[in-house]
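# Close look at the chain arrangement
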Amino acid sequence: MSDQGVPIETIADLVGHAGTSVTEAVYRHQLRPVITKGAHTMNTIFGDSRHG
């Protein structure tokens, strides 16, 4: 999300943090791999609608 320009405040809110300091210090660099894995898993379960 961060790589796509989502504000850190929005990311913090989505992961349940009251502020942005924890998100920035601990999770920001880890969010992309988690989100990517989740997206791949969802595509596996529900199919990738981009291909038909």
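A brief structural summary.

What counts and how
- Within each chain, residue numbers correspond to sequence positions counted from 1 in written order.
- Since the coordinates come from a predicted model, pLDDT governs what is reported: local features require at least 70, and pairs of side-chain atoms require 80 or more to be given and counted, while whole-chain, interface and lining totals use all residues.
- Each side-chain value is worked out from all heavy atoms of the structure, with water and hydrogens disregarded.
- Helix and strand assignments follow DSSP, with helices taken as H or I runs no shorter than four residues and strands as E runs no shorter than two, numbered in order from the N terminus.
- Here's how the labels work: a residue is buried when its accessible area is under 20% of the maximum for its type, exposed when over 50%, partly exposed in between, all with a 1.4 Å probe on protein chains only.
- The Shrake-Rupley method, run with a 1.4 Å probe sphere, supplies the accessible areas, and residue values consider only the shown protein chains as cover.
- Between two residues, a contact is recorded if the distance between any of their heavy atoms is within 4.5 Å.
- Note that patches include only residues with greater than 30% relative accessible area and no salt bridge, and the join distances are 9 Å for like charges and 5 Å for nonpolar side chains (Val, Leu, Ile, Met, Phe, Trp, Tyr).
- We count a salt bridge whenever a side-chain nitrogen from Lys or Arg sits within 4 Å of a carboxyl oxygen from Asp or Glu.
- Any pair of N or O atoms that falls within 3.5 Å is considered a polar contact. Within protein, one atom must be able to donate a hydrogen and the other to accept it, and sequence-neighbouring residues count only if both atoms are side-chain atoms.

### Quick notes on the overall build of the protein chain
Along its length, the protein chain carries two helices and zero strands. The buried share among the 52 residues of the protein chain stands at 10%. Taken as a whole, the protein chain presents about 4100 Å² of accessible surface, with 56% of it coming from carbon and sulfur.

### Observations concerning the environment of alanine 12
Within the secondary structure layout, alanine 12 lies in helix H1 (residues 8-14). Considered as a pair, alanine 12 and valine 22 are ten residues apart in the sequence and their alpha carbons are 8.1 Å apart. Ignoring anything within four residues of it in the chain, the contact list for alanine 12 reads His17, Gly19, Thr20 and Thr23.

### So, a nonpolar patch on the surface
The grouping of Met42, Ile45 and Phe46 at the surface amounts to a nonpolar patch, some 370 Å² of accessible area in total. Summarising the element assignment, phenylalanine 46 is placed in helix H2 (residues 21-46). Judged by its relative accessible area of 63%, phenylalanine 46 falls in the exposed class.

### Notes on the side chain of threonine 23
Along the polypeptide, threonine 23 turns up in helix H2. Judged by its relative accessible area of 0%, threonine 23 falls in the buried class. A distance of 2.5 Å separates a polar atom in the side chain of threonine 23 from a polar atom in the side chain of histidine 17.

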